[in-house]
Every structure is written in structure tokens, then in C-alpha cells.
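Structural overview
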Amino acid sequence: MSDTEQFDLDAYLERIGWEGGRRADLATLRGVHLAHALSFPFENLDAWSGRAPSLAPADLMAKMVRGRRGGYCYEHNTLLRLALEALGFGVTGLAGRVVLGAETVESRPRTHMMLRVEVPGDPQPYLADVGFGAAGALLQPVPLTVGEEFEGAGRRHRLVHLPYGGPLELWALQAYDRDARDWVSQYAFTLEPFFAPDYEVINWHIGTNPRSPFTQRPYLQRTTPERHLALDGARLVETRADGTVTERKLTDEAEARRVVEEEFGIAVPEGLTLLR
């Protein structure tokens, strides 16, 4: 069975609440991207339980579309890619180095998945990414253009070129930090295409390597129009739309399960312990 046959576009669009058009145009791209970002949580509970999640379309449908689960970047952006291709967009997979919090661009491997999207009739390609688990993540796609500032769903972004010794230009997605009043790089990437086997290898490494941050603690994110919620281990951080930040530590397993179930909308897998 092909990937197209395993993917159910109608069920996906119903899950994200998209009732707009299905034309392969910029309005649909922006609308579906935002609806996905606000519908699915980011979570690493499969990796936290000791296994890399499946990227097979049928498994993504069962877990994220029909089940009360989220996923991390490979799951989110594979699912979005299937939807965009079914709608008639041209999509190329990309991979980047997460530089948020890193000392240098070269200090981390390429472990993040994002998408280059072509809109039929539009010479301008776009960067789409619904799987970056941070408050600086894109909520709407941005044109692959250097230097311009873009605001989407209340967040400000821009793309810049960074110094690089390789043969391809190095792009960086930057988000505006209102507290620091400065632009902060989120991840860096080239436009070299990546394919399903590449993501399978990276996914296995991130989901099983004991040195991977995703195998060491629960890491969850949930974005709504009113707030961004993050759980990092036992630390719960809420960032309101006005920039107000509150933080507290979860003290026991019962509280952690309630927060994950009710606040993040995630059905905790049976037998999984969140706090260890």
C-alpha cells in the first residue's frame, strides 16, 4: 500500500478543524499550517518510553489523527507533508541543526526536520515547520527570503544567512525575543533535499540514543491562541499571549498525568511513568 493510500486527507483536515478551501494556494498553506500547529501537541513520550516512533503514514494516522497523541518534528512534518502533497503542493524535505542554546552552529548535528513548499503558480518557495518544540516555532509558513521580517499568529520571524564554509548557503530561522529585544536563531539549514530514509536514521538516533535529550526526560509543548505551555521533565512553564510567564514544578506522578492529560490533551500510554 502506498503512502497516499495510507493517508486520509479528510480525517486529517477534520482533526485540525480546517473548513477552508482545498486549493493549493497560499491561503490554504497558511491556514492548514496554523490549524495543525494549534491542534497537535509536541511530545516525546515514545522516545521517553525507550523506542523511536514510527513514521509510517498509517501509524501517524492512528497515533495523531485518530488517537489523543502528538509527536516530535519527524512525525509532525511528515504528517503535514502528506497533507500538503495530497492538496497539490510541491514539498521538499529539509534538515537543520538546532542552534537555540548551542555554543556554535557546528556543535550539533542535523536532527530537525522542516519543509520547503512550492505553491503552484507562485515563484516564491516557503519554509513550513509545525514540529519545532519551542516558543519560537513558526505558526505560519514564511517565504524563503533573506532579511524580511514576518509576523504570523502573533510571532515575529525572519530568515538570515550565516557564515559557513560549505558549498551551500546556510540559512537560519530567527524568532524575535520580546524580553531580550533581540533576534534569536532557532535552527540553521541548507536547501539540500532530505528523503524518508534520511529521516528514518535520524529518528532512530534521536528516539533511542541514551545521550539524546528526548530519551532523558518528558518534553511536551502545546500552543493555543491564548498561551504556550511547556513541560520539561517536572518543570511546567506557561507563557501567555501578553508575554506573562509563570513556572512551577510538578511534585508527583498523579499531578503530572493530570496535567499531561488535561492541559496538553495527550493520552498517556499505559504503563508509562512520567516522573522518574
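Whatever comes next refers back to the structure up there.
Because the structure is a prediction, the values reported are computed rather than measured.

Below, the discussion takes up the pairing of strand S13 (residues 245-249). Examined bridge by bridge, strand S12 (residues 235-240) and S13 share 5 bridges and lie antiparallel to one another. Directly across from Val-237, in S13, lies its bridge partner Glu-247. Between S12 and S13, which pair antiparallel in sequence order, lie 4 residues; one of them, Gly-243, sits at a positive phi of approximately 95°.

Ring pairs (aromatic) are described by centroid distance and by the angle formed between their planes. Across all of its chains, the model carries 12 aromatic pairs by this definition. Ring geometry for Phe-42 and Tyr-219: centres 5.9 Å apart, planes at 90°, overall edge-to-face. Pair noted here: Phe-42 is in strand S1 (residues 42-43) and Tyr-219 is in strand S10 (residues 219-223), with a separation of 177 residues, a long-range link. Centre to centre, the rings of Phe-214 and Tyr-219 are 5.9 Å apart; their planes meet at 50°, and the pair counts as tilted. By relative accessible area, which is 19% here, Phe-214 ends up buried.

Glancing now at the packing of helix H5 (residues 57-65) against helix H6 (residues 73-87). Closest axis-to-axis distance for the H5/H6 pair is 11 Å, and the angle between their directions is 110°. Regarding the angle of H5 to H6, the classification is roughly perpendicular. In this structure, H5 uses Pro-57, Leu-60, Met-61, Lys-63, Met-64 and Val-65 to contact H6, whose residues at the interface are Glu-75, His-76, Thr-78, Leu-79 and Leu-82. In terms of residue class, the contact of H5 with H6 is made up of 7 nonpolar, 2 polar and 2 charged.

In this structure, Phe-7, Tyr-12, Tyr-74, Leu-79, Leu-80 and Phe-89 are the most contacted members of the largest nonpolar core, which totals 43 residues. Listing elements by their share of this core, those giving two or more residues are helix H2 (9-16), helix H3 (26-39), H5, H6, strand S2 (90-98), strand S3 (110-118), strand S4 (126-128) and helix H7 (196-208). When residues in this core are grouped by element, the largest group, 8 residues, is from H6. If we ignore the near neighbours within four places in the chain, the residues touching Leu-80 are Tyr-12, Val-32, His-33, His-36, Leu-115, Ala-128 and Val-130.

Reading the values: rules and limits
Residues numbered from 1 in each chain as written. Predicted model: local features only at pLDDT ≥ 70, side-chain atom pairs only at ≥ 80, totals over all residues. Heavy atoms only, no water. Pairing = 2+ DSSP bridges. Helix = DSSP H or I, 4+ residues; strand = E, 2+ residues; numbered from the N terminus. Phe/Tyr/Trp six-rings, centres within 6.5 Å; stacked < 30°, edge-to-face > 60°. Buried < 20%, exposed > 50% of the residue type's maximum accessible area, 1.4 Å probe, protein only. Axes fitted to C-alpha atoms, helices over the stretch in contact; angles between N-to-C directions. Parallel < 35°, antiparallel > 145°, perpendicular 65-115°, else oblique. Contact = heavy atoms within 4.5 Å. Nonpolar A, V, L, I, M, F, W, Y, C, P; charged D, E, K, R; others polar. Core = buried A, V, L, I, M, F, W, Y, C linked by side-chain atoms within 4.5 Å.

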